[in-house]
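The primary structure of each chain is shown beneath.
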Amino acid sequence: MRQRFFTATPLPFFLILCAVVSGTAGYHFQTFIPPVLMMLIGASLGAGAAWLFYVLFRLLGKLVNKLPLKFNAAVLGTIAALVLVKFTAFRWPDLVFYPAALLTILFSMLLYFSVKQVTLSPKSSWAWLGIAVTLVFLAGSFFWLQQEGRDPFTENLPPLFSSTNVATLSSQGLVDPTTPGNYEVITFTYGSGHDQQRQEYAEGVVYQTQTVDASRLLPDWKGKKKKWRERYWGFGVANFPLNGRVYMPEGTGPFPVILVVHGNHSMLDYSDDGYGYLGELLASRGFITVSVDENFINGHWSGDFRGKEMPVRGWLLLKHLEQWRSWNQTTTHPLAGKADLNKVLLMGHSRGGEAVSIAAAFNQLPRFPDDAQEVFDFNFGIKGIVTLAPTDYRYNRQITLKDISYLSLQGSYDSDEVSFWGMRPYRRLIFSLDSKAFKAGVYLHRANHGQFNTTWGRTDFGGTMAWLLNTAPLLSGKEQQQATQVFITAFAEATLHQNQQYLPLFKNIAAARDWLPDNYYLTHFQSAQTDILVDFEEDINLTTAGNKGVIQAKNLTTWREENLGTRDQGSQENNVVILGWNYGEDINADSLASFKVVFSDSVDVDSLGSMVITLASGNPQWLNQKESQQPDEEAREELPPDATIKLTDRNGHSAQLRISDTKPIAPRLKTRFTKLALLDREMIGTEWEVQPETFYFPLESFQTDSSAFDVQQLRAISLVFDQNTSGVLVVDDIGFSRQP
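This section reports on the structure supplied with the text. Keep in mind the model is a prediction, meaning the values are calculated, not measured.

How two helices pack is summed up by the angle between their axes together with the distance between the axes. At a minimum axis distance of 7 Å, the contact between helix H9 (residues 310-329) and helix H10 (residues 351-362) shows a crossing angle of 65°. Crossing geometry of H9 relative to H10 is assigned as right-handed. Touching Met 310, Pro 311, Arg 313, Gly 314, Leu 317 and Leu 318 of H9 are Arg 351, Glu 354, Ala 355, Val 356, Ile 358, Ala 359 and Phe 362, all from H10.

Next comes the structure, spelled out in structure tokens:
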């Protein structure tokens, strides 16, 4: 009897074990149900799950026992090998990899048994069907992986550039910024002259440069990252090269200098040759443009520095400027006097976009903040920063710049940096009252991360991950680079040549509609001439506007302030107010919703300037009106919100305009990064995030109700929601500009 007892199944013991563990969890799982009852529920669920798995595994065991040992070993070996490959090299997410692997194994088994049956009975219709089904599965899978995908969000978007009353800059006599200038362009490389991997920086250099010691700036150069990098490159952190690809205007100079630096692409897939389309154009317009090689600190299979290399990325740019200063001061050198180092612009892509801000900050410092033994002596005339799809979180210090012009570009389909991180340093940047600097930002719908560089391409994910990307909605590389040229040339001309005629395109993109590919572009612009009166950053009181006045609201369905989040649960570091209204079927003039800022004192407003406000479409679901939603609401066209802006002076006279008469508020620009919506939610986050843009309304465009209206006696600014029966509007940064 004792022998039979101990050879019986241990299932009762394990059922009791699962019941105890699950019951304990249930007892401490707080709900409205009494803990003892939750314990019983938990125990029942635990024991029940154990019994179901027991039955399942018994059935599988019976099946396995009927198969040859060699077959079982082959299946288990395949599973183990696929798991090993998944952890070492095949970067598909678990959500895709394991179901795909399971299906592949099952169809492989079907193919095996079908072929085996055909060899025994060539006329077996079931066997031939199994072979056919397997081949269809394999062909269909391969076909799906090779497709670009689709864009599920384009059909309901309103027309582009619908503000046809805005005059284009070309109609005012300005030349397309992508048109080459009057200078012939000379191209060459400089560098160490001993690069064992790249001919252009070895015997191909025109001017040889000294190496620099970055040991104190990159102490993480160690272990296998040090071993394999030094074996490949032939140099280490103590002798980094200064390698650059130069596009130079032909002439005596001096010419302003633009340095361009790439981001963290694979170090084996060299990135510095990907900005030639910018270098050629800018050089033809009188700017020495240098694409800087920092590939040796990029990612590699042996390791990524995970942001610890950010200081050296910025520092290397300053060492390049030191090299140009040395050439300038060597009267016998062919480049003597060519570079105007009082007019410098730094441009960076991805991690390079964060690096240029670091460089601008280091430029003013006497020592390296992370190790004071490293002495700085730079102090170049850095006038501007351009960031292309930048990071803003890699370096452990947050950079705040002052009195320097800034431009950031970001694509909505950027699978690498999925949010507009470049707007965080934009908001931190401050101006003195007499500063001539300005800042701008552009959100390019359907642009990705890689196509800012001509060698990176349409797939922001590398290797097998590229097969999962949805690239059908993307702009072509030529279109994305054309738009990039327009914005960067406009910025460079204003910053380094003091030609500010192109700047209106950052205030209203419709002014440049004949220079740009058809697309949505959300723009930002501020300067020292902009006075922001209300920014919603000061406190959590909804009814105050800092010390400027009070806020009043009527008939709003939604009214709250919040910090804008990113689609991947990060922070945009920006507080806004969310306003929503819902009238039902008709707009009732007697019960309009409104939002009003009443100032305590008269506001100093230049009557020749503009009102400034930052706006964005919100999510209709924020109205919390579930009972009014129709079943097909997701499929209906979603109209962007609109409103009337009303200015009221101290005597009660008013002036007003409709927002869309100047520039319509952009719709919510939704994205589908991968071919599977479920995978998007797992990897990227939401299909949309709030991306505001700046609106400039010339004061002369407001319609007054009386000739006695005096904007210099301004008392209140109101948003009156009289254009849509319902909507949600995101509002930020209300103020005035002393310029039109």
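So, next bit.
Here we come to the side chain of Gln 485. Mapped onto the secondary structure, Gln 485 falls in helix H12 (residues 477-496). A relative accessible area of 14% means that Gln 485 is categorised as buried. Here Gln 485 is in contact with Thr 178, Tyr 277, Leu 278 and Leu 281, once residues within four sequence places are set aside.

Attention shifts here to the side chain of Asp 414. In this fold, Asp 414 is placed in the loop between strand E8 (405-411) and helix H11 (423-428). Of note is the side chain of Asp 414, whose polar atom sits 3.3 Å from the side chain of Gln 410. Among the polar contacts made by the side chain of Asp 414, one reaches the side chain of His 449 at a distance of 2.6 Å. Look past the residues within four positions of Asp 414 in its chain and what remains in contact with it is Ala 389, Ala 447, Asn 448, His 449, Asp 460 and Phe 673.

This next bit is on the layout of surface pockets. One water molecule sets the probe size; rolling that probe over the atoms shows where empty space is left. Looking at the second largest pocket, its volume works out to about 1300 Å³. Lining the second largest pocket are 33 residues, with Asn 264, Ser 266, Asp 460, Phe 461 and Gly 462 sitting closest to its centre. Classifying every residue of the lining of the second largest pocket gives 10 nonpolar, 14 polar and 9 charged.

In the segment running from Gly 253 into Pro 254, the intervening peptide bond is cis, with an omega of 0°. Mapped onto the elements, Pro 254 comes out in the loop between strand E3 (243-249) and strand E4 (255-261). One non-glycine residue with positive phi stands out, namely Arg 446, at about 70°. Mapping Arg 446 onto the fold places it in the loop between strand E9 (438-444) and H12.

With antiparallel pairing, 6 strands are arranged side by side in an open sheet as E12-E15-E21-E17-E18-E20. Among the strands making up the open sheet, the edge pair consists of strand E12 (549-554) and strand E20 (703-704). Relative to E20, strand E18 (residues 654-658) runs antiparallel, the two being bridged by 2 bridges. Opposite Ala 655, over in E20, you have Thr 704 as the bridge partner.

Moving on to the pairing of strand E1 (residues 185-191). The pairing of E1 with E3 spans 6 bridges and is antiparallel. Considered in E3, the bridge of Thr 187 is made with Tyr 247.

Following the criterion strictly, the structure yields 25 salt bridges and no others. In this structure, Glu 374 engages Arg 216 in a salt bridge whose closest nitrogen and oxygen atoms are separated by 3.8 Å. Of this pair, Glu 374 sits in the loop between H10 and strand E7 (382-388) while Arg 216 sits in the loop between strand E2 (207-208) and helix H7 (223-233), and the two are 158 residues apart along the sequence. Between Arg 397 and Asp 370 there is a salt bridge; the shortest N-O distance is 2.7 Å. In this pair, Arg 397 sits in the loop between E7 and E8 while Asp 370 sits in the loop between H10 and E7, placing the two residues 27 residues apart along the sequence. Three or more residues joined by partner-sharing salt bridges are found here, namely Arg 198, Glu 200, Arg 245, Asp 272, Asp 273 and Asp 293.

The subject of this paragraph is the packing of aromatic side chains. Counted according to the given criterion, the structure contains 40 aromatic pairs. Ring centres 4.8 Å apart and planes at 45° place the aromatic pair Phe 240 and Phe 296 in the tilted group. Highlighted residues: Phe 240 in the loop between H7 and E3 and Phe 296 in the loop between strand E5 (288-293) and H9, separated in sequence by 56 residues. On the basis of an interplanar angle of 40° and a centroid distance of 5.3 Å, the ring pair of Phe 362 and Phe 376 is categorised as tilted. One end of the pair, Phe 362, is in helix H10; the other, Phe 376, is in the loop between H10 and E7, and 14 residues separate them in sequence. Note on accessibility: Phe 362 and Phe 376 belong to one class, buried. Through successive ring pairs, a cluster of aromatic residues spans Trp 221, Tyr 232, Trp 233, Phe 235, Phe 240, Tyr 270, Phe 296 and Phe 305. In this structure, Arg 560 packs its charged tip against the face of Trp 622, placed 5.3 Å from the ring centre.

Here the focus is the environment of Thr 391. Mapped onto the secondary structure, Thr 391 falls in the loop between E7 and E8. Owing to a relative accessible area of 3%, Thr 391 belongs among the buried residues under this scheme. Along the chain, Thr 391 and Ser 350 lie 41 residues apart, while their C-alpha atoms are 5.7 Å from each other. Excluding its chain neighbours within four sequence positions, the residues that come into contact with Thr 391 are Ser 350, Arg 351, Glu 354, Glu 417 and Trp 421. Of the polar contacts made by the side chain of Thr 391, one reaches the side chain of Glu 354; its length is 2.5 Å.

We now examine the packing of helix H8 (residues 276-284) against H12. The N-to-C vectors of H8 and H12 enclose an angle of 40°; their axes lie 10 Å apart at closest approach. Of the possible angle classes, the one that applies to H8 and H12 is oblique. Here H8 runs over H12; the crossing is right-handed. For the pair H8 and H12, the contacting residues are Tyr 277, Leu 278, Leu 281 and Leu 282 in the first and Gln 481, Thr 484, Gln 485, Ile 488, Thr 489 and Ala 492 in the second. The residue makeup of the contact of H8 with H12, split by class, is 6 nonpolar, 4 polar and no charged.

A few words now on helix H4 (residues 69-88). Think of an α-helix as turning once every 3.6 residues; residues three or four places apart then point the same way. Between the first and last C-alpha of H4 there are 28 Å, a value that for 20 residues agrees with the 28 Å anticipated at 1.5 Å per step. Burial in H4 covers these residues: Phe 71, Asn 72, Val 75 and Lys 86. One side of H4 holds all its buried residues, which, seen down the axis, span an arc of 105°. More than 90 degrees from the buried face of H4, the exposed residues found are Leu 69, Lys 70, Leu 84 and Phe 87.

What follows deals with empty space enclosed by the protein. Overall, the coordinates contain 3 cavities of 30 Å³ or more when judged by the stated rule. The wall of the largest cavity is formed by 15 residues, among which Leu 522, Ala 616, Pro 667, Trp 688 and Gln 691 lie closest to the centre. Residue contributions to the lining of the largest cavity peak at 3 residues, all from strand E16 (residues 610-617). Across the lining of the largest cavity, the residue classes break down as 10 nonpolar, 2 polar and 3 charged. The calculated volume of the second largest cavity comes to roughly 50 Å³.

Let us look at the nonpolar core. In terms of nonpolar packing, the biggest core is built from 67 residues, with Phe 240 and Trp 324 touching the most fellow members. The leading source of residues in this core is H9, at 9 residues. Beyond its immediate stretch of four places on either side in the chain, Phe 240 contacts Thr 211, Val 212, Ala 214, Leu 218, Trp 221, Phe 235, Phe 296, Ile 297, Val 312 and Leu 316. Counting 49 residues, the second largest nonpolar core, distinct from the first, contains Met 347, Tyr 502, Ala 510 and Ala 511.

Before going further, it helps to examine the pairing of strand E15 (residues 593-603). Bridging between E12 and E15 involves 6 bridges; their strand directions are antiparallel. Bridge pairing in E15 places Val 550 opposite Val 598. Taken together, the 7 bridges between E15 and strand E21 (residues 714-721) define a ladder with antiparallel strand orientation. Its bridge partner lying in E21, Lys 596 is registered against Ser 718.

Cut-off values and rules
Residues numbered from 1 in each chain as written. Predicted model: local features only at pLDDT ≥ 70, side-chain atom pairs only at ≥ 80, totals over all residues. Heavy atoms only, no water. Axes fitted to C-alpha atoms, helices over the stretch in contact; angles between N-to-C directions. Helix = DSSP H or I, 4+ residues; strand = E, 2+ residues; numbered from the N terminus. Left-handed = near helix turned anticlockwise from the far one by under 90°. Contact = heavy atoms within 4.5 Å. Buried < 20%, exposed > 50% of the residue type's maximum accessible area, 1.4 Å probe, protein only. Polar contact = N/O pair within 3.5 Å; in protein donor to acceptor, adjacent residues only side chain to side chain. 1 Å grid on protein atoms, 1.4 Å probe; cavity = no way out; pocket = protein on both sides within 12 Å on 5 of 7 lines; lining within 4 Å. Points joined across faces, edges and corners; volume = space filled by probe spheres on them. Nonpolar A, V, L, I, M, F, W, Y, C, P; charged D, E, K, R; others polar. Pairing = 2+ DSSP bridges. Salt bridge = Lys/Arg side-chain N within 4 Å of Asp/Glu carboxyl O. Phe/Tyr/Trp six-rings, centres within 6.5 Å; stacked < 30°, edge-to-face > 60°. Lys NZ or Arg CZ within 6 Å of the ring centre and 35° of its normal. Parallel < 35°, antiparallel > 145°, perpendicular 65-115°, else oblique. Expected span 1.5 Å × (residues − 1). Arc of directions from axis to C-beta. Core = buried A, V, L, I, M, F, W, Y, C linked by side-chain atoms within 4.5 Å.

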